[in-house]
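Chain by chain, the residues:
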Amino acid sequence: MRGETPVTTHTPSELRALSEAHSARNYHPLPVVIASADGAWVTDVDGRRYVDMLAAYSALNFGHRHPRLAAAARRQLDHVTLVSRAFDHDQFGPFCSELAELAGMDMVLPMNTGAEAVETAIKTARKWGYEVKGVPDGEAVIVVFEGNFHGRTTTIVSFSTDPDARGSYGPYTPGFRVVPYGDADALAAAMDERVVGVLIEPVQGEAGVVVPPPGYLARVRELCTDAGALMIADEIQSGLGRTGTTFACEHDSVVPDMYVLGKALGGGIVPLSAVVSSREVLGVFQPGQHGSTFGGNPLACAVGREVISLLATGEYQERSAKLGTHMHHRLGELPSGVVREVRGRGLWAGVEFVSLDGRQACERLAARGVLVKDTHGTTIRLAPPLMISEGDLDWALDRIEEAIA
């Protein structure tokens, strides 16, 4: 491994105690305290190594401390890290141009977190609906889906169907219509002249890596076109190589009106997100109508440009497709008496158990040197870095077989 584990004066139990005593309990982490990382592996404060099969929910598509991404960050640290959008900087224009080209779009609106990008997409769709489509002021509707996860802001949790994400945060923001995911007839019935956008995850991540039925995304595209509404693809987790293509929409030969990107766009180094769309759509903004102090900062843009360069070769998309096929084949051989279903695309899988508790499965795997995350009770999610070797992937899959035996 490159570098050395930073010296700490605290034991793992002391570090966990500090977290529990002084941080809000909005997460329930596994009892692992990571001190260093390299590629697909992380090392805890005791020096024990683990294969990272979560990759920070796809934020680490290129692994921990990828040499080119770390070098881009170091170079930029020696020049300028922040100017705010009150001024321009030499990384901003090239970043926007290169990301627009990667997505086949015209314009980019950079933000920081995925939730900020979703909020930006919502504001964009509403503003476009009023100023371009002609929806009466205050009447715009955005259609969303059961099982969605787009972030945790007040507006976003207003249309969540997860009680943990939504409970006790009302009053809730109006203007959203929720329909079942994968049900084209239900979506068709929800479309009317007030609908300005349909916000959809091409693969639902937090719900357990749920892939829609064949042809469904194409039908969503068709319904949006017929209704004069924007198809908004939240590719924060599914995009940038995770499913074996640059964007998950490509599996259905679908081009949305708007991409919402984040996580892997920052290379696992800095928060970086963006809305990418046409000039007609993002052109609705005028100075002062939306913004972010850190959005599109020089450091983030420099790292983002290197991410785009890595994706431009197609290497990581090909690795995800090839290794993903291998991973799904192996997961498909797990005993049916224990595993109810394996879902996913590329290097992304949801393994749903018949009765095994997901948290218990994660603890068993951590004890064997593999880090994954549970969701919705009996499901675990696997999303290894796209640069993982086949040998390391097989080692982790061997441990999964052992843990659920």
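Residues numbered from 1 in each chain as written. Predicted model: local features only at pLDDT ≥ 70, side-chain atom pairs only at ≥ 80, totals over all residues. Heavy atoms only, no water.

Novice: How do you make sense of the overall build of the chain when you look at a structure like this?
Specialist: If you tally the helices and strands in the chain, you get 14 helices and 15 strands. Taken over C-alpha atoms, the radius of gyration comes to 21 Å for the chain, in line with the 22 Å a tight globule of 405 residues would show. Referenced to the eigenvectors of the C-alpha coordinate spread, the extents of the chain come out at roughly 60 × 55 × 45 Å. Nonlocal contacts in the chain, meaning residues at least 24 apart in sequence, comprise 72% of its contacts between residues at least 6 apart. Just so you have it, the chain exposes about 17,300 Å², and 51% of that area is on carbon and sulfur atoms. Computed over 36 positive and 50 negative side-chain charges, the inter-centroid distance for the chain is 3 Å. (Helix = DSSP H or I, 4+ residues; strand = E, 2+ residues; numbered from the N terminus. Rg over C-alpha atoms; globule rule 2.2 N^0.38 Å. Contact = heavy atoms within 4.5 Å. Areas by Shrake-Rupley, 256 points an atom, 1.4 Å probe, with all protein chains shown as cover. Lys, Arg positive; Asp, Glu negative; His and termini not counted. Charge placed at Lys NZ, Arg CZ, Asp CG, Glu CD.)

Novice: What am I meant to see in the sheet that holds strand S12 (residues 349–353) here?
Specialist: To summarise the sheet geometry, strands pair through backbone hydrogen bonds and adopt either a parallel or an antiparallel arrangement. What the four strands build is an open sheet, ordered S11-S12-S15-S14; its pairing is antiparallel. If you trace the sheet from one side to the other, it starts and ends with strand S11 (339–344) and strand S14 (373–375), each paired once. Neighbour-to-neighbour, the strand axes of this sheet turn through a mean angle of 25°, independent of strand direction. In this sheet, S12 lies alongside S11 in antiparallel orientation, the contact comprising five bridges. The residue bridging Glu-341 from the neighbouring strand is Glu-352, located in S12. Running at roughly 45° to strand S15 (residues 379–382), helix H13 (residues 358–367) makes contact with S12, S14 and S15 of the sheet. (Pairing = 2+ DSSP bridges. Axes fitted to C-alpha atoms, helices over the stretch in contact; angles between N-to-C directions.)

Novice: Is there a simple way to think about the environment of Phe-285 in this case?
Specialist: Along the chain, Phe-285 turns up in the loop between helix H10 (279–282) and helix H11 (298–312). Between the alpha carbons of Phe-285 and Trp-128 there is a distance of 9.1 Å; along the sequence they are 157 residues apart.

Novice: Just checking my understanding: could you explain the side chain of Thr-246 for this structure?
Specialist: Relative to the helices and strands, Thr-246 resides in the loop between strand S8 (230–234) and strand S9 (258–261). Side chain to side chain, Thr-246 and Gln-317 meet in a polar contact 2.8 Å long. Once residues within four sequence positions are removed from consideration, Thr-246 is found in contact with Leu-102, Gly-239, Leu-240, Gly-241 and Gln-317. (Polar contact = N/O pair within 3.5 Å; in protein donor to acceptor, adjacent residues only side chain to side chain.)

Novice: Would you mind going over the state of the cysteines with me for this structure?
Specialist: Taken as a whole and assessed by the stated rule, the structure comprises zero disulfides. Left without a disulfide partner, Cys-96 is nearest to the cysteine sulfur of Cys-301, which lies 6.2 Å away. Given the relative accessible area of 12%, Cys-96 is considered buried. (Disulfide = S-S within 2.5 Å. Buried < 20%, exposed > 50% of the residue type's maximum accessible area, 1.4 Å probe, protein only.)

Novice: Hey, could you run me through the pattern of salt bridges in this one?
Specialist: Pairs may arise between side chains of opposite charge once their charged atoms sit close together. In this structure the tally under the stated criterion is 20 salt bridges. Across the pair Arg-381 and Glu-206 runs a salt bridge whose closest N-O atoms are separated by 2.9 Å. In this pair, Arg-381 is assigned in strand S15 and Glu-206 in the loop between strand S7 (195–200) and helix H9 (216–227), connecting sequence segments 175 residues apart. With a relative accessible area of 17%, Glu-206 lands in the buried category. Between Arg-330 and Asp-394 there is a salt bridge, with the nearest N and O atoms lying 2.9 Å from each other. With Arg-330 in helix H12 (residues 315–332) and Asp-394 in helix H14 (residues 390–404), this residue pair connects regions lying 64 residues apart in the sequence. Under the relative-accessibility criterion, Arg-330 is labelled buried at 13%. Through salt bridges that share partners, Arg-330, Asp-394, Asp-398 and Glu-401 make up one connected network. (Salt bridge = Lys/Arg side-chain N within 4 Å of Asp/Glu carboxyl O.)

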